[in-house]
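# Structural overview for review
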Amino acid sequence: MRTAFINKLTELAEKDRRIMLLVGDLGFGVVVDFAKRLPDQFINIGVAEQNMAGVATGLALAGKIVFTYSIANFPILRCLEQIRNDACYHKANVIAVSVGAGVAYGSLGMTHQALEDIAIMRAVPNLSLIAPGDPLETAQAVDYLAQGHGPAYLRLGRAGEPTVHKNPISWQFGRAIEVLPGNDLTLIATGTMLQTAVAAAEKLQTQNGLSARVLSMHTVKPIDEEAIRKAAAETRRIVTLEEHSVAGGLGSAVAEVLAESGINTRFLRIGFPPVFVHEVGNQDYIKKCYGLDVDSVVERLTGFLRLHAQER
Amino acid sequence: MISRARSSHIGGNFSMAEIVAVLYDEILNISPKHLDAPDRDRFILSKGHAAAAYYSILALKGFFPMDWLDTFYLNGGHLAGHATRSVPGVEVSSGSLGHGLPMAVGMAKAAKIDQRPYRVFALLSDGECQEGSVWEAAMLAAHHRLDNLTVIVDYNKIQALGQTREICDLEPFAEKWNAFGWTVRQVDGHSVDELYGALSVLPFTSEKPSCVIAHTVKGKGVSFMEDKLLWHYRTPVGEEFDAAMSELCSLPHLNR
């Protein structure tokens, strides 16, 4: 996703001189090419995220479209008030880009794990929140954001995620993508959990003969209420998957829509509990510890379906 | 305004009155007729709690009707207690300290990139300079040689709960700005001539940002408010209001 992001941004910035990339002294090996090719559109602000968000707003209010880049919580939580008061209140074209969503940098420890960011950023007015599910979605999200649609938070994984979509996609801001059709239940996934959702759905099909619809909810804010209501009405069982705390994240956003929809639905959130991760290990290891690997997800889905088997 | 609104911060409004007067009378290239002119100078009131003085000068300069001032702080009014961008002439909203200078740096940098002639001014409070983000931005401004950027510090030496030197001393203050790569001039912030003298010769040094430390008195203009911590928050009402108005109305420059 990181590679898809920087490649697309470089391509767009070469055509549109308003586009700028600011980094908080992070992005070794990622941003160097951009900096070399477009020196007037690149600033390494230094290790100063509050300043990065404030300077980005100043640049944006003077006509620029500014991407701020750092990892995990640094470009959003360290400077949350600058994002809120400066970028969002003024509807400035500031796009905070974070790589290392969830536990992508798991082995670096708690400071480098972003598990509450969706919950926190979801509450900020005027801010769009996009967590692409694969490199294809990332490139199209960048394409959209670089046009200057106001403040946004772009939540990315790291490098090397597989392309989940088998075919070309037509990515639309605020519109979920149906990755797999299905009628027995719907898996709504965001960001890095999309590939897990697809793999789990395929296993359910082969092992249990169940057809799970998979929706990529790449735009978490504003969320696609219509797609959620449609899935609830048609499949009656909704499960959300996110590499994020279940407190306040995608699961909460979907639950809000379902609770107000009046549609009788069985619902399950799969994600991290709202705790600090103390286990040491890489992304796959930590996800497995918390039941977010494919096998654990399939097991939970099977149990969920068994529990509610008689209700259709 | 402040008395009617039962609001605070009169001391910090009075301490910067001459500063905004000189800026809007003589220095800034901003016109209410062309609010969005791309080459207008940008003024950022970073000490957003001093909105009453800011709104007053904007109204006097014709950015919005004078009677809006009567609605300051009030239910359904036009003017919130801190500077708000929805008000014509207000460049950015402020109120949380330490936000103005980073935004000013971004605007000044944009002017350099785009080779535009506009200048950027940020007015900071002294207590605000305890925010780390001020110094993050100060460092970056010098590094990028933003000589189109000027900071003015309203150095009235009193912050919310006491004197700056007793709470977290800023001194040696001018040396700090110097060390961060700025050229500093210190003036009497209530002397229109001294303020004009400094602000009309910007930048002080080519390729360096400029800092004007304006030595001021909190509550300036009303004898019983001057240099008194109480008037960071206290609202003048009743006899205090009448006494203050009487003193202000007898100031010589108001009768010219």
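Counting starts from 1 at the beginning of each chain's written sequence and moves along it residue by residue. For this description, chains carry letters from A and ligands carry numbers from 1, given in the order in which they are written. Selection of residues for local features in this predicted model requires a pLDDT of at least 70, selection of side-chain atom pairs for listing and counting requires 80 or more, and totals for whole chains, interfaces and linings are taken over all residues. Hydrogens and water molecules were not included; the side-chain quantities draw on all heavy atoms of the structure.

## Quick word on the sheet that holds strand β11 (residues 237–245) of chain A
Residues and elements named next belong to chain A. For clarity, the threshold we go by: Being paired, for any two strands, means DSSP has found at least two bridges between them. Every helix listed is a DSSP run of H or I at least four residues long, and every strand listed is a run of E at least two residues long, numbered separately from the N terminus. The axes are straight lines fitted to the C-alpha atoms, using for helices just the contacting stretch, and the angles between their N-to-C directions are given from 0 to 180°.
One open sheet accounts for five strands, arranged β7-β9-β8-β11-β12; its pairing is mixed. Either end of the sheet is taken by a strand with one partner, and the two such strands are β7 (177–180) and β12 (266–272). The sheet shows a mean angle of 25° between the axes of neighbouring strands, taken without regard to direction. Strand direction decides the pairing type here: β11 and β12, joined by six bridges, are parallel.

## Overview of the nonpolar core
Heads up, the condition is: As used here, the term nonpolar core means buried Ala, Val, Leu, Ile, Met, Phe, Trp, Tyr and Cys residues forming a set that is joined through side-chain atoms within 4.5 Å. Burial status follows relative accessibility: with a 1.4 Å probe on protein chains alone, a residue under 20% of its type maximum counts as buried, one over 50% as exposed, and anything between as partly exposed. Every residue pair with non-hydrogen atoms within 4.5 Å of one another is taken to be in contact.
Of all hydrophobic cores here, the largest spans 51 residues; its most connected members are Leu22 of chain A together with Leu101, Leu149, Trp177 and Trp182 of chain B. For this core, the elements supplying multiple residues, two or more each, are β1 (19–23) and α3 (49–61) of chain A together with α5 (100–114), β2 (120–125), α6 (132–143), β3 (149–155), α8 (173–179) and β7 (210–215) of chain B. The leading source of residues in this core is α5 of chain B, at eight residues. Setting aside anything within four residues of it in sequence, one finds Leu149 of chain B in contact with Leu101, Ala104, Val105, Ala108, Val120, Ala141, Trp182, Pro209 and Ser210 of chain B. Judged by nonpolar contacts, the second largest core, of 49 residues, contains Met16, Ala59, Leu195 and Trp231 of chain B.

## Details of the interface of chain A and chain B
Bring the parts together and some accessible area is lost; that lost area is often taken as the interface size. Keep this limit in mind: Summed over both partners, the accessible area (1.4 Å probe) lost when two parts come together is defined as the buried area. We count a salt bridge whenever a side-chain nitrogen from Lys or Arg sits within 4 Å of a carboxyl oxygen from Asp or Glu. In protein, a polar contact requires one atom able to donate a hydrogen and another able to accept it; more generally it is a pair of N or O atoms within 3.5 Å, and residues adjacent in sequence count only if both atoms are side-chain atoms.
The interface is formed by 22 residues belonging to chain A together with 21 residues belonging to chain B. Among the residues chain A hides against chain B, the three largest losses belong to Asn51, Leu61 and His90 of chain A. Together they make up 25% of the total. At the surface where chain A touches chain B, the tally comes to one salt bridge. In this structure, the salt-bridge partner of Asp114 of chain B is Lys64 of chain A, at a minimum N-O distance of 2.6 Å. Between chain A and chain B we count seven residue pairs in polar contact (both at pLDDT 80 or more) in total. Elements that contribute at least two residues to the side of chain A that touches chain B include exactly α3 and α4 (80–88) of chain A. Considering each element in turn, the side of chain A that touches chain B owes the most residues, nine residues, to α3 of chain A.

## Brief notes about the pairing of β1 of chain A
All names here are of chain A. To be explicit about the condition: Handedness of a crossover is defined as follows: orient the strands so they point away from the viewer, and if the path from the first strand over the helix to the second runs clockwise, the crossover is right-handed.
Of all five residues in β1, five are buried; the element is thus mostly enclosed. Residue alternation in β1 divides its side chains into two sets, Ile19, Leu21 and Val23 and Met20 and Leu22, and both sets are buried. Bridging between β1 and strand β2 (residues 42–44) involves three bridges; their strand directions are parallel. When the sheet's bridge partners are listed, Leu22 is paired in β2 with Ile43. In this fold, β1 hands off to helix α2 (residues 32–37), which returns the chain to β2; that crossover is right-handed.

## Description of the pattern of salt bridges
Residues and elements named next belong to chain A. Applying the stated criterion to the full structure yields 25 salt bridges over all chains. Here Glu178 and Arg213 are joined by a salt bridge, their closest N and O atoms 3.9 Å apart. Separated by 35 residues along the polypeptide, Glu178 in strand β7 and Arg213 in strand β9 (residues 212–216) bring together distant segments of the chain. With a relative accessible area of 43%, Glu178 lands in the partly exposed category. Here the salt bridges share partners, and the residues they tie into one network are Glu178, Arg213, Lys230 and Glu234.

## Structural notes on a nonpolar patch on the surface
Residues and elements named next belong to chain B. Here is the rule we go by: Candidate patch residues must exceed 30% relative accessible area and have no salt bridge, after which like charges are joined if within 9 Å and Val, Leu, Ile, Met, Phe, Trp or Tyr side chains if within 5 Å. Using the Shrake-Rupley algorithm and a 1.4 Å probe, accessible areas are obtained, with residue cover drawn only from the displayed protein chains.
Together, Leu161, Ile167 and Tyr233 line one region of the surface with nonpolar side chains, adding up to about 350 Å² of accessible area. Within the fold, Leu161 resides in the loop between β4 (158–159) and β5 (162–163). On the accessibility criterion, Leu161 (72% relative accessible area) is exposed.

## Observations regarding unusual backbone geometry
Across the junction of Lys221 of chain A and Pro222 of chain A, the peptide omega takes the value 0°, indicating a cis bond. One can find Pro222 of chain A in the loop between β10 (219–221) and α8 (225–235). In this structure, Pro172 of chain B follows Glu171 of chain B across a cis peptide bond, with omega equal to -5°. Take Pro172 of chain B: it is sitting in the loop between α7 (164–167) and α8. One non-glycine residue, Gln115 of chain B, adopts positive backbone phi at about 55°.

## Thoughts on the packing of aromatic side chains
Cut-off, in case you're wondering: Classification of ring pairs rests on two measures: the distance between centres of Phe, Tyr or Trp rings, Trp counted by its six-membered ring, which must be within 6.5 Å, and the angle between planes, read as stacked under 30 degrees, edge-to-face over 60 and tilted in between.
In the structure shown here, the tally under the stated rule is 19 aromatic pairs over all chains. Seen in terms of ring centroids, Phe34 of chain A and Phe42 of chain A are 6.4 Å apart; in terms of plane orientation they differ by 50°. Their pairing is tilted. By the burial criterion, Phe34 of chain A is buried, and Phe42 of chain A matches it. Taken together, a centroid distance of 6.3 Å and an interplanar angle of 90° make the contact between Tyr24 of chain B and Phe63 of chain B edge-to-face. Of this pair, Tyr24 of chain B sits in helix α3 (residues 17–27) while Phe63 of chain B sits in the loop between α4 (51–60) and α5, and the two are 39 residues apart along the sequence. Residue classification places Tyr24 of chain B among the buried residues on the basis of a relative accessible area of 8%. Relative accessible area serves as the criterion here: at 8%, Phe63 of chain B is assigned to the buried category. One aromatic cluster is present, built from ring pairs that chain together Trp135, Tyr155, Phe173, Trp177, Phe180 and Trp182 of chain B.

## Examining the confidence of the model for chain B
Let me state the cut-off plainly: The score called pLDDT rates the predictor's confidence residue by residue, from a low of 0 to a high of 100.
Residues at a pLDDT of 70 or more form 98% of chain B, whose mean pLDDT is 95. Both scores are given for the predicted complex: the pTM is 0.96, the ipTM 0.94.

## Here's the deal with the pairing of β11 of chain A
All names here are of chain A. The buried fraction of β11 amounts to nine of the nine residues, a majority that puts the element mostly inside the structure. Alignment of strand β8 (residues 185–189) against β11, held across four bridges, turns out to be parallel. Within β11, the residue paired with Leu187 across the bridge is Val239. Handedness of the β11-helix α9 (residues 250–261)-β12 crossover: right-handed.

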